[in-house]
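As a plain string of letters, each chain reads:
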Amino acid sequence: MATTVRFHEIGGPEVLRLEDVPAGEPGPGEALVRIEAIGVNRAEALFRSGRYIEPVRQFPSRLGSEAAGVVEAVGPGVTGFGKGQAVSVVPNFSQNDYGVYGEQAVVPVGALLARPEGVDAVSGAAVWMPYLTAYGAMAEVGGIRAGDVAVVNAASSSVGLAAIHTANRLGATPLAVTRTRAKRRQLLEEGAAEVVVSEEEDVAGRVLELTGGRGAEYVFDAVAGPGVLDLARAVAADGTLFLWGAQSGQPTPYPGFDLGMPALNMRTYTMLETAKDPERLRRAAAFVTSGLRGGYFRPVVDRVFPLEEIVRAHRHMESDARFGKIVVSVAG
């Protein structure tokens, strides 16, 4: 029996329960992993509350898709991974099918990455979702180039911070957008070239000022909703506005046709575009691992909670008081 987080109804953090259930045996294409640390993501809060891109199919339901641990067993025919190997679990499966919130979890082998030497469990559970999101949108889809300007909205989130690091690694200039002045200094320390405080400044006007009126080749928005109308004004001619999150929870309009507005590309993006494609995932893993070894990348961890405090971890996630990643440690 393994202590496992499950929920029996849609709702807030309080619906999460710690229950002892069998972890199960790995089947073909699967592995059983002893979980050491769990990366907590907004996707789990949305899934738990019934607001995710896919609904919960049945109860009780498990939760979670990002973790670090050690392989305990592999299913029939599995090669490339073996018992005792330190791994990370990357989010490339449905939470309706698998969940990593617990002491043990059966997961698809396609979601496993060997954990690089020197990367501990907390870092191994915190690094992949943010950097797969940032790398996939910026390099694989966007084709960002040295000298480009990248505006990063919701910059203090784990994805926002990974985007700042990734932009710098690719030779681009990251401009961070944050709601209040409280996190400005930290964002500059993480590599933002400039920080725009949205409650105090006209974001588009400030971006245009910083770029000599040209605008940014790329804007990466995790908020969406009505704010895209303003962000669109900050995009350079033939630039792209990427929507890689929907934190606002509001309908997102498409910027209207304006004869005075430069040509605009607008695209949605999810990390699954990278994580579910074996070739893209292979390239992303090589890029991120290189960045970790070279000291260019590091997960920024806000707080580590024990598994017994999973409700508190989710409440902290929804407070928006964090700077970086929330991780849950699993005693073992």
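Cut-off values and rules
- Residues numbered from 1 in each chain as written.
- Predicted model: local features only at pLDDT ≥ 70, side-chain atom pairs only at ≥ 80, totals over all residues.
- Heavy atoms only, no water.
- 1 Å grid on protein atoms, 1.4 Å probe; cavity = no way out; pocket = protein on both sides within 12 Å on 5 of 7 lines; lining within 4 Å.
- Points joined across faces, edges and corners; volume = space filled by probe spheres on them.
- Helix = DSSP H or I, 4+ residues; strand = E, 2+ residues; numbered from the N terminus.
- Nonpolar A, V, L, I, M, F, W, Y, C, P; charged D, E, K, R; others polar.
- Pairing = 2+ DSSP bridges.

Draft legend 1. Representation of the layout of surface pockets. Here the largest pocket is characterised by a volume of approximately 1200 Å³. Sorting the residues of the lining of the largest pocket by element identifies helix H1 (42-48), helix H3 (128-141), helix H4 (158-169), helix H10 (310-319) and strand S15 (325-329) as the ones contributing at least two each. The element that contributes the greatest number of residues to the lining of the largest pocket is H1, accounting for five residues. Each residue belonging to the lining of the largest pocket can be placed in one class, and the counts come to 20 nonpolar, 16 polar and eight charged. Estimated volume of the second largest pocket: approximately 610 Å³. Breaking the lining of the second largest pocket down by element, the ones donating at least two residues are strand S9 (173-178) and helix H7 (228-231).

Draft legend 2. Quick look at the pairing of strand S5 (residues 86-89). In this sheet, S5 lies alongside strand S4 (residues 67-74) in antiparallel orientation, the contact comprising four bridges. Of the residues in S5, the one forming a bridge with Ala67 is Val89. Pairing of S5 with strand S7 (residues 112-114) involves three bridges; the strand directions are antiparallel. Bridged to Ser88 within S7 is Leu113.

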